[in-house]
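Structural features, examined
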Amino acid sequence: MKELNIETKCIQAGYVPGNGEPRQIPIIQSTTFKYDTSEDMGKLFDLEASGYFYTRLQNPTNDFVASKIAALEGGTAAMLTSSGQAANFYSIFNIASCGDHIVCASAVYGGTFNLFSVTMKRMGIEFTFVSPYCSDEELEQAFKPNTKAVFGETIANPALIVLDIERFAKAAHNHGVPLIIDNTFATPFLCRPFEFGADIVTHSTTKYMDGHGSGVGGCIVDSGKFDWNKYADKFPGLTTPDESYHGVTYTERFGLEGAFITKATAQLMRDFGSIQSPQNAYLLNLGLESLHVRMERHSENALKIATFLSNHPLVSWVKYSGLKGDKDYDLAMKYLPKGQCGVVSFGVKGGRKAAEAFMKQLKLASVETHVADAKTCCLHPASATHRQMSDDELVAAGVSPDLIRLSVGIENVDDLICDLDQALNTLK
Ligand SMILES: *Cc1c(COP(=O)(O)O)cnc(C)c1O
């Protein structure tokens, strides 16, 4: 059979029940798994056989859902994590340690920025942040001999800047390191970064993948394409024996298609234990079953709302890459031709104060730190998620003090526009 289309994968990939088995992914609510002999179990501990022994490392429900996400992204292996934060932390820490360096696009999620610039810095990993709009020369200058990866977001949260993935992939590959892309806002329905040269993809599944605000979670997907062996001296963790697993060398035993995720499972999940609960993985899968339908509607509603806002006299600016004339319109047409997701940001005339007054008047859009949900919601990042940042850091992250992030849901768009209109008119 030819390669299935993504809509079919959203429904069918990852779990194929056998004769008489449950049609829906079963929730394997068990911490441990039973074996007949110690030898059987010993093989699992030596990574000589694959199987389950303890849910802190792996659980079958999670693996069904992870394989679906791997299929959606076009990757070779994937793992679920307890949150998007854990996914991004693991994606870097799996290949970098104390004394290493990472190049990162400056327009990233506030939680990621804090994780990288504060917490991981304390672990001895240094990050250089570059503007997604930097010149090729500036990007080149950000690399150091100890650089181990490049990181960026397909659609930056909340700046909504579209990353030129091909350009960043080329720079990373010129330096013999992988490009890691947080694809949370685009989802594989709107963009598959591997098709543009990215090597590893991460997700906060908390957002569109779950889609209903029901479970925090994350995922890491490997394309299987990065040749760790070619740059073996940069990535000894993957290419030399792991003494904590009886000397297994991940690239040798699991190949390029399996090494990264196996190492992340065997070492990081074992030691940090940021596993997603099987219950949450089950809910995540319910969300994935309608991802393709929802992403179309989110994008369609958001474009209509962005157009409405950009014509409104009380709105000072609108950022939505699907709007003609937007700075990122050409990049959006290249990387996100099917839609640019449901998140729109804008400023109201009167700045920070007016933004807060406007949000109080909304009836349908609730004020939440959440985004990327079936239910429309909005946030003022400068007073919430990004409040740790200085004004300079805010500007570098593409977040102005008056920015309102509107996460357009899948309600009737005329109802949403009516709500925005009445709230804006109270500012007159
Ligand atoms: C929300 C978010 C994260 C963090 O995910 P959690 O599931 O909240 O831990 C990371 N990256 C992006 C782009 C996000 O939007």
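Just above, that's the structure.
Conventions we followed
Residue positions are given per chain, counting from 1 as you read along its sequence in written order. Per-residue local features are limited, in this predicted model, to residues with pLDDT of at least 70; the limit for side-chain atom pairs, both in listing and counting, is 80 or more; totals at the level of whole chains, interfaces and linings are taken over all residues. In computing side-chain values, all of the structure's heavy atoms are included and hydrogens and water are not. Any two strands are treated as partners once DSSP identifies two or more bridges connecting them. We count a stretch as a helix when DSSP gives it H or I for four or more residues in a row; a strand needs E for two or more, and each element gets its number in order from the N terminus. An axis is simply a line fitted to the C-alpha atoms; with a helix, the fit covers only the stretch in contact. Between two such axes, the angle follows the N-to-C directions and lies from 0 to 180 degrees. Contacts are assigned to residue pairs with any non-hydrogen atoms lying within 4.5 Å of each other. Nearness of a residue to a molecule or strand requires only that one of the residue's heavy atoms be within 4 Å of it. As used in this structure description, the phrase polar contact means that two N or O atoms lie within 3.5 Å; if the pair is within protein, one of them must be able to donate a hydrogen and the other to accept it, and residues adjacent in sequence are counted only when both atoms belong to side chains. Each accessible area is a Shrake-Rupley result for a 1.4 Å probe, and residues are judged covered by the shown protein chains and nothing else. In this scheme the handedness of a crossing depends on how the near helix is turned from the far one: anticlockwise by less than a right angle means left-handed, clockwise means right-handed. Definitions used throughout: a 1 Å grid over protein atoms alone; a cavity as a set of points that fits a 1.4 Å probe which cannot get out; a pocket as an open set with protein on both sides within 12 Å along at least five of seven lines; a lining residue as one with an atom within 4 Å of a point. Grid points are joined across faces, edges and corners, and a volume is the space filled by probe spheres set on the points. Asp, Glu, Lys and Arg are counted as charged, while Ala, Val, Leu, Ile, Met, Phe, Trp, Tyr, Cys and Pro are counted as nonpolar; the rest, among them Gly, fall into the polar class.

Turning next to the sheet that holds strand β2 (residues 101–105). With respect to topology, seven strands assemble into an open sheet ordered β1-β7-β6-β5-β4-β2-β3, the strand pairing being mixed. Only two strands of the sheet have a single neighbouring strand rather than two, namely β1 (77–81) and β3 (126–130). Within this sheet the neighbouring strands show an average axis-to-axis angle of 20°, counted without direction. In terms of strand pairing, β1 meets strand β7 (residues 218–222) through five bridges, oriented antiparallel. Bridge pairing in β7 links Ala78 to Val221. This element, helix α3 (residues 60–73), spans β1, β6 (200–204) and β7 of the sheet and lies at about 125° to β1.

Turning to the site of the ligand, a few remarks are in order. Every one of the 16 residues lining the ligand counts as a neighbour, but Asn157, Asp182, Ser204, Thr206 and Lys207 are closest to it. The side chain of Asp182 places a nitrogen or oxygen atom 2.6 Å from a nitrogen atom of the ligand. In this structure, Lys207 approaches the ligand through a side-chain N or O atom, which is 2.6 Å from an oxygen atom. Look at the ligand: alone it shows 380 Å² of surface, and the protein chains cover 93% of it.

This part covers the packing of α3 against helix α11 (residues 278–288). Closest axis-to-axis distance for the α3/α11 pair is 8 Å, and the angle between their directions is 35°. In this structure, α3 crosses over α11, and the sense of that crossing is left-handed. Contacts between α3 and α11 involve Thr61, Asn62, Val65, Lys68, Ile69 and Leu72 from the first element and Pro278, Ala281, Tyr282, Leu284, Asn285 and Leu288 from the second.

Glancing now at the layout of surface pockets. A volume near 600 Å³ is recorded for the largest pocket. Secondary structure elements with two or more residues in the lining of the largest pocket: α3, β1 and α10 (250–272). At eight residues, the largest contribution of residues to the lining of the largest pocket is made by α10. Residues that form the lining of the largest pocket fall into these classes: 17 nonpolar, nine polar and two charged. Estimates place the volume of the second largest pocket at around 230 Å³. Along the wall of the second largest pocket there are 16 residues; nearest its centre are Gly84, Gln85, Tyr109, Ser204 and Lys207. At three residues, the largest contribution of residues to the lining of the second largest pocket is made by helix α4 (residues 84–93). By residue class, the composition of the lining of the second largest pocket is four nonpolar, nine polar and three charged.

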